[in-house]
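Inside the fold
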Amino acid sequence: MVVALIEPLPADPFAVMNTVGLVAFALVGSTKAIREEFDVFGIAVVGLVTAFAGGVTRDLLVDRVPLALTSFGEIGLGILGVALAIGLHSALESPDGHPITLLSDAVGLAAFATAGAIVATEAGVSSFGVVAIATINAVGGGAVADILLDRAPFILFDDFYASCAVAGGSVYVIVGGIGGMESTAAAVCAAVTVGTRLTAVTYGWSLPAAQMLGFVRDEPRDSQ
Amino acid sequence: MVVALIEPLPADPFAVMNTVGLVAFALVGSTKAIREEFDVFGIAVVGLVTAFAGGVTRDLLVDRVPLALTSFGEIGLGILGVALAIGLHSALESPDGHPITLLSDAVGLAAFATAGAIVATEAGVSSFGVVAIATINAVGGGAVADILLDRAPFILFDDFYASCAVAGGSVYVIVGGIGGMESTAAAVCAAVTVGTRLTAVTYGWSLPAAQMLGFVRDEPRDSQ
Amino acid sequence: MVVALIEPLPADPFAVMNTVGLVAFALVGSTKAIREEFDVFGIAVVGLVTAFAGGVTRDLLVDRVPLALTSFGEIGLGILGVALAIGLHSALESPDGHPITLLSDAVGLAAFATAGAIVATEAGVSSFGVVAIATINAVGGGAVADILLDRAPFILFDDFYASCAVAGGSVYVIVGGIGGMESTAAAVCAAVTVGTRLTAVTYGWSLPAAQMLGFVRDEPRDSQ
């Protein structure tokens, strides 16, 4: 019984990460739709798409029927996140850039990167495949939501968003490769992803554009 | 022989619904492309995408090779719908909002919701999964066509479009749950979907936006 | 040894076509992102999406785990194409319409149409399915890249882009149907696709719009 008390979460790392990710991303997606002044149906659709698109894509890639379609619990968690967003919105002035929204997004990113790495490893894809599926699980929901809202996915413009999931997935592969347990790899993956993401947001990190690297010669070269 | 005469359609509800949906949605999609002044190739592409995207997504979700790729009849039905759209356009002044187009869209929505519910039930997904796949089968084609045309999918803004398919899929699950035959569930699903859709179009139904529910406080509050 | 020298490529037509297509399309996609002034991460993402989206969609349609996720070589070829684009850009003034870019695009289109036809034939889909998968493999990457960049896919507006892949895939089916070997069908498919594409670019081919066919009556008809 003591054992059961001190290790309740590691029992199934995937279930923990998936639960956290679904609620967090449904909240983030719904907040975005509220800001766009969508109606209740639109808020629910954008929230649920943000929550589920990454995991459904992950499941399609490893060639299985999406978990979201075979489990009742999943949709309930998504609806909980939508309800939280509506509740938070009535309590806060500008929730879109609110610390709760930014934190939820970072936590969801980390949780889904980890869930994706676990599923991909169990499916037996290559190391690159594990990193790719971790990243797709993490960023797929936000990207599909942006496409539905008819704008270019922000993941293409925010350098340290997808990159954080790539870092987390890579660490998961490394920890697993040196013999670490699944629960250890999951904890390290989630910590690296959420840590790099929150640090990047706090310090405004970005990568150099090609122009800054001197690759482009569009400028008039009268100085030569 | 009498038996063959009195029950020709219920023999395979999926085949009936799929046939009706393919022709109707190819017609609707092609009409949209004609209005955008696309050339013949573009008209055919948008019409066929509208007809096939929902069913292909459905088949991917239940983990099978899309029917559209294994059957010759499917593409023929899609081309028939494209040809009908071109023919109608030369006969009518403004076919985009024409009763025939609106009716085709409602009939296609109902037919594909029913086809999706049948396939999902046979694949053994959860009740939520049946409703989700029915809805995706019904609205996927229009959503993908809108994304190709670089605009936000209209299904996000028209409250009683996807909702009608959700209602139809839910009724399918209920009729099946209380022991109804597949053909009965299919007939009721199609009737509920097309009925709610046509009623919504006729009376201009819409859901309240979040703002109307008092969730948003963007307005200046000097009146307080 | 002489045999090894005179037939090194036909040994595995799929591997040859896939290799050529990945490098060529990663180069074309990255060039597009450089022109949009994306940063290094964005350039890599758009290049890799252009290279992989078609093949991943192909693999999902024939119901197998995408090759890109199970093979290390694939991602290496994509990165090679991205690096080539960055290298070329620093060496050329306006690479977007440069003959090297146009040629790479035509070669990638032909290579992926052929790779798609080979995979589809081995998966046992219908003749229409072979042509459809060849076309999706060939144009999918460019279409998804355009959607990510928030614009309507150019394949809808350039009549002789997807059409060239349709022609190549059709020829593949015909050559296979009359008893030709896989390597022969692959060579003819690639030649027809790249040939029609380069000819269309050179001579500016386009199909008539519906308006030119007399289908539309939007103009005032005061002349009647």
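Every value quoted in this text rests on a predicted model; they were computed, and no experiment measured them.

Rules used in this analysis
- Residues numbered from 1 in each chain as written.
- Chains lettered and ligands numbered in written order.
- Predicted model: local features only at pLDDT ≥ 70, side-chain atom pairs only at ≥ 80, totals over all residues.
- Heavy atoms only, no water.
- Salt bridge = Lys/Arg side-chain N within 4 Å of Asp/Glu carboxyl O.
- Buried < 20%, exposed > 50% of the residue type's maximum accessible area, 1.4 Å probe, protein only.
- Least-squares fit on C-alpha atoms with pLDDT ≥ 70 in both.
- Contact = heavy atoms within 4.5 Å.
- Buried area = accessible area lost by both parts, 1.4 Å probe.
- Polar contact = N/O pair within 3.5 Å; in protein donor to acceptor, adjacent residues only side chain to side chain.
- Helix = DSSP H or I, 4+ residues; strand = E, 2+ residues; numbered from the N terminus.
- Nonpolar A, V, L, I, M, F, W, Y, C, P; charged D, E, K, R; others polar.
- Axes fitted to C-alpha atoms, helices over the stretch in contact; angles between N-to-C directions.
- Left-handed = near helix turned anticlockwise from the far one by under 90°.
- Expected span 1.5 Å × (residues − 1).
- Arc of directions from axis to C-beta.
- Disulfide = S-S within 2.5 Å.
- pLDDT = per-residue confidence, 0-100.
- Patch = residues over 30% accessible without salt bridge, like charges linked within 9 Å, V, L, I, M, F, W, Y side chains within 5 Å.
- Areas by Shrake-Rupley, 256 points an atom, 1.4 Å probe, with all protein chains shown as cover.
- Phe/Tyr/Trp six-rings, centres within 6.5 Å; stacked < 30°, edge-to-face > 60°.

**A word on the pattern of salt bridges**
On inspection of all chains with the given rule, the structure shows 9 salt bridges over all chains. Linking B:D59 and B:R58 is a salt bridge whose minimum nitrogen-to-oxygen distance equals 3.0 Å. Here B:R58 falls in the buried class, since its relative accessible area comes to 2%. A salt bridge links B:D59 to B:R64, with the nearest nitrogen and oxygen atoms 3.0 Å apart. Each of the salt bridges in this network shares a partner with another, and the network as a whole consists of A:R58, A:D59 and A:R64.

**Description of the relation of the copies chain A and chain B**
For the pair chain A and chain B, the best superposition has an RMSD of 0.0 Å and corresponds to a rotation of 120 degrees with a translation of 0.0 Å parallel to the axis. Classification of the inter-copy transformation places it as that of a three-fold axis. Each copy contacts the other with its own distinct surface, as only 14% of the interface residues of chain A are interface residues in chain B too.

**Topic: the interface of chain A and chain B**
Facing 29 residues of chain A, the contacting portion of chain B comprises 33 residues. With both chains or domains summed, chain A and chain B bury close to 2,600 Å², and 65% of this area falls on carbon and sulfur atoms. On inspection of chain A and its partner chain B, the count reaches 0 salt bridges. Inspection of the chain A/chain B interface yields 1 residue pair in polar contact (both at pLDDT 80 or more). At the level of elements, α3 (40–61), α4 (67–70), α5 (72–91) and α7 (127–148) of chain A are the ones that each hand at least two residues to the side of chain A that touches chain B. Residues of the side of chain A that touches chain B, tallied by class, amount to 18 nonpolar, 5 polar and 6 charged.

**Focus: the packing of helix α2 (residues 13–35) of chain B against helix α3 (residues 40–61) of chain B**
Residue and element names in this part refer to chain B. One way to put it is that α2 packs onto α3 with a least axis distance of 7 Å and a crossing angle of 145 degrees. The hand of the α2/α3 crossing is right-handed. Counting all contacts with α2, which are made through F14, L22, F25, A26, G29, S30, A33 and I34, the residues of α3 involved are G42, I43, V46, G47, T50, A51, F52 and R58. Partitioned by chemical class, the residues of the contact of α2 with α3 number 10 nonpolar, 5 polar and 1 charged.

**Section: the relation of the copies chain C and chain A**
Mapping chain C onto chain A leaves a residual RMSD of 0.0 Å; the transformation is a rotation of 120 degrees accompanied by 0.0 Å of translation along its axis. Each copy contacts the other with its own distinct surface, as only 14% of the interface residues of chain C are interface residues in chain A too.

**Focus on the interface of chain C and chain A**
At the junction of the two partners, chain C supplies 29 residues and chain A supplies 33 residues. For the pairing of chain C and chain A, the buried interface totals around 2,700 Å² over both sides, and the portion due to carbon and sulfur atoms is 65%. The tally of links between chain C and chain A comes to 0 salt bridges. Among the elements of the structure, α3 (40–61), α4 (67–70), α5 (72–91) and α7 (127–148) of chain C are those that each provide at least two residues to the side of chain C that touches chain A. Across the side of chain C that touches chain A, the residue classes break down as 18 nonpolar, 5 polar and 6 charged.

**A word on helix α9 (residues 182–203) of chain A**
All names here are of chain A. For α9, which comprises 22 residues, the first-to-last C-alpha distance of 31 Å matches the rise-based estimate of 32 Å (1.5 Å per residue) to within 8%. Within α9 the residues assigned to the buried category are A185, A186, C189, A190, T193, V194, R197 and A200. Axial view of α9: buried residues confined to an arc of 145 degrees, hence all on one face. Those residues of α9 that are exposed and angled more than 90 degrees off the buried face are T202 and Y203.

**Quick notes on the environment of C:R151**
By the element assignment, C:R151 lies in the loop between α7 and α8 (159–177). Residue classification places C:R151 among the partly exposed residues on the basis of a relative accessible area of 29%. Along the primary structure C:R151 and C:G21 are separated by 130 residues, whereas in three dimensions their C-alpha atoms are 23 Å apart. With near-sequence residues (within four places) excluded, C:R151 lies in contact with B:D150, C:K32, C:E36 and C:D146.

**Structural notes on the environment of B:P66**
Here B:P66 is to be found in the loop between α3 and α4 (67–70). Here B:P66 falls in the buried class, since its relative accessible area comes to 0%. Taking the C-alpha atoms as reference points, B:P66 and B:G81, 15 residues apart in sequence, are found 20 Å from one another. Here B:P66 is in contact with B:V56, B:D59, B:L60 and C:L61, once residues within four sequence places are set aside.

**Thoughts on the state of the cysteines**
Residue and element names in this part refer to chain B. What the rule picks out here adds up to 0 disulfides over all chains. The thiol of C164 is unpaired, and the distance to the nearest cysteine sulfur, on C189, comes to 11 Å. Judged by relative accessible area, which is 1%, C164 ranks as buried. Take C189: its relative accessible area is 0%, and that puts it in the buried class.

**Re the side chain of A:D146**
Mapping A:D146 onto the fold places it in helix α7. Excluding residues that lie within four positions of it along the chain, A:D146 makes contacts with A:K32, A:R151, A:A152, A:P153 and A:F154.

**Thoughts on the confidence of the model for chain A**
Residue and element names in this part refer to chain A. A residue-level look at chain A finds 84% of positions with pLDDT of 70 or above and a mean pLDDT of 84. Counting contacts from residues 1–9, a segment whose pLDDT is below 50, to residues more than four positions away or on other chains yields 1 contact. Overall, residues 215–224 carries pLDDT values under 50, and its contacts beyond four positions in sequence, including any with other chains, amount to 11 contacts. In the model output, the complex is listed with pTM 0.81 alongside ipTM 0.73.

**So, unusual backbone geometry**
Of note in this structure, B:D63 is not a glycine but carries a positive phi near 65 degrees. Here B:D63 lies in the loop between α3 and α4.

**Here we look at a nonpolar patch on the surface**
Residue and element names in this part refer to chain A. A grouping of V20, L103, V107 and L198 is seen on the molecular surface, where their side chains present a nonpolar patch of about 260 Å² in accessible area. In this structure, V107 sits in helix α6 (residues 99–123). Judged by relative accessible area, V107 falls into the partly exposed class, the value being 31%.

**Considering the packing of aromatic side chains**
All names here are of chain A. One pass over the full model with this rule turns up 3 aromatic pairs over all chains. Ring centres 5.3 Å apart and planes at 85 degrees place the aromatic pair F25 and F112 in the edge-to-face group. Within this pair, whereas F25 is found in helix α2 (residues 13–35), its partner F112 is found in helix α6, the two being separated by 87 residues in sequence. You can call F25 buried: its relative accessible area is 2%.

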